[in-house]
Amino acid sequence: MSDEMEYCEVRGVRVPKVGLGTWRMEGEECYDAVSTALELGYRHVDTAQMYDNETEVGRALADADVDRRDVFLTTKVNPRNADREGVVESTKASLDRLDTPYVDLLLLHWPNPLVRIEETMDAMKRLVDEGRVHHVGVSNFPVPMLKKAREVSDVPVLTNQVQFHPHRPQRKLLRYCQAEDLLLTGYSPLAQGELVDDGTLREIGERYDKTPAQVALRWATQHRNVAVVPKSTSREHLADNLAIFDFKLTREEVDEVTRPSLLKTGASMVKGMLR
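Residues numbered from 1 in each chain as written. Predicted model: local features only at pLDDT ≥ 70, side-chain atom pairs only at ≥ 80, totals over all residues. Heavy atoms only, no water.

The protein chain has the name Aldo/keto reductase in an unreviewed UniProt entry, where Halogeometricum luteum is given as its organism. A UniProt comment under Sequence similarities (unreviewed entry) is attached to the protein chain, and it reads "Belongs to the aldo/keto reductase family." (UniProt positions renumbered as here; feature names shortened; annotations may be inferred.)

Given below as structure tokens:
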């Protein structure tokens, strides 16, 4: 098998299956991680207004020897900004911080029960019409809310970004996304680090000379219509996270890795409650 990047192709959009998540990265640590990732070949970067690091992400993009058009850049609207004016004005501010005329993907970070989703999606359409945003989506939406967002949106909803890992396989959402040609973007694909010492993943990894983390990422990316955005600041781990496309898990191994666990999912969710 090739070790080159694989892509999800949904609704005519091509998205690298592995991107860089920047949650809890700040200052120079964030700048260095994004810079290193771009140097290593990452072309998919995920940030958010709530992460308070858009400036560093933008600076790393500007300083990199990479054409902006080659990087799939995502940011997310703080749910406090979910009203029409809030979406538009906060996104303009995000673009200023990112030092870019557009983002490839704009998501609503979490549902806001105080703002009608129609209002949010209408504001996102305006940004698409203005060329400031190329694609829109949501994050942390259950299937019924995702359906509602799609129903009221005048522009296609590209993705739902959710926690996705072997203990949280999101089967209902994944089936829906695959049936409707939507992208499922998985954050915390290593369950907040819970999987890096997993015995089952280690045993399988030894067959391919891969780490437990690499097996978990391969498990995720072998699912149709799934991309992941693991976070890492270490050059070694950043490189390892890309080196997963030269092997493929068998059907039996995929089933062995998939171990839904409310307890373990809850533990990782507690760690990531503010994500």
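(A) Spotlight on a negative patch on the surface. The grouping of E26, E29, D32 and D52 at the surface amounts to a negative patch. Residue placement: D52 occurs in the loop between β4 (44-46) and α2 (54-63). (Patch = residues over 30% accessible without salt bridge, like charges linked within 9 Å, V, L, I, M, F, W, Y side chains within 5 Å. Areas by Shrake-Rupley, 256 points an atom, 1.4 Å probe, with all protein chains shown as cover. Salt bridge = Lys/Arg side-chain N within 4 Å of Asp/Glu carboxyl O. Lys, Arg positive; Asp, Glu negative; His and termini not counted. Charge placed at Lys NZ, Arg CZ, Asp CG, Glu CD. Helix = DSSP H or I, 4+ residues; strand = E, 2+ residues; numbered from the N terminus.)

(B) Structural detail: the sheet that holds strand β5 (residues 72-77). Strand order across the open sheet formed by eight strands is β3-β4-β5-β6-β7-β8-β9-β10, with parallel pairing between neighbours. Taken across any chain shown, the strands that pair with only one partner, and hence form the sheet edges, are β3 (20-21) and β10 (226-228). The strands touched by helix α6 (residues 171-179) within the sheet are β8 (157-163), β9 (183-187) and β10, with β9 carrying the most contacts at an inclination of about 145°. (Pairing = 2+ DSSP bridges. Contact = heavy atoms within 4.5 Å. Axes fitted to C-alpha atoms, helices over the stretch in contact; angles between N-to-C directions.)

(C) How the structure looks around the pairing of strand β7 (residues 133-139). Judged by how many residues are buried, β7 sits mostly within the fold: five of seven residues are covered. Where strand β6 (residues 103-108) lies against β7, five bridges are found, and the strand directions are parallel. Bridge pairing links L108 to V138 in β7. Note that the unit made of β6, helix α4 (residues 117-129) and β7 has a crossover that is right-handed. Summarising the sheet, β7 and β8 pair through three bridges and their orientation is parallel. The residue of β8 that forms the bridge with S139 is Q161. What joins β7 to β8 is helix α5 (residues 143-152), and the crossover it makes is right-handed. (Buried < 20%, exposed > 50% of the residue type's maximum accessible area, 1.4 Å probe, protein only. Right-handed = clockwise from strand over helix to strand, strands pointing away.)

(D) Helix α7 (residues 199-208), seen in detail. Looking at α7, one finds that the buried residues are L201, I204 and G205. What you see down the axis of α7 is that its buried residues fit within an arc of 105°, all on one side. Tucked into the core, α7 has its buried residues touching α8 (212-221) and α10 (251-257). Backbone nitrogen of T200 and a side-chain oxygen of the N-cap are separated by 3.0 Å at the start of α7; the cap is D198. Within two residues after α7, D209 carries a phi angle of roughly 60°, on the positive side. (Arc of directions from axis to C-beta. Polar contact = N/O pair within 3.5 Å; in protein donor to acceptor, adjacent residues only side chain to side chain.)

(E) Quick peek at the nonpolar core. If you look at the biggest cluster of nonpolar residues, it comprises 70 residues, and the most contacted ones within it are V57, L146 and L184. Once residues lying within four places of it in the same chain are set aside, the contact partners of L184 are T159, N160, V162, F164, Q170, L173, L174, C177, N225, V226 and A227. By size, the runner-up hydrophobic cluster in this structure holds 10 residues, among which are F72, L105, L158 and A227. (Core = buried A, V, L, I, M, F, W, Y, C linked by side-chain atoms within 4.5 Å.)

(F) Focus on unusual backbone geometry. If you check the backbone angles, A191 has positive phi at about 55° while not being a glycine. The residue A191 is located in the loop between β9 and α7 in this model. Classification of A191 by relative accessible area gives buried; the value is 1%. For D209, which is not a glycine, the phi torsion comes out positive at approximately 60°. Here D209 is to be found in the loop between α7 and α8.

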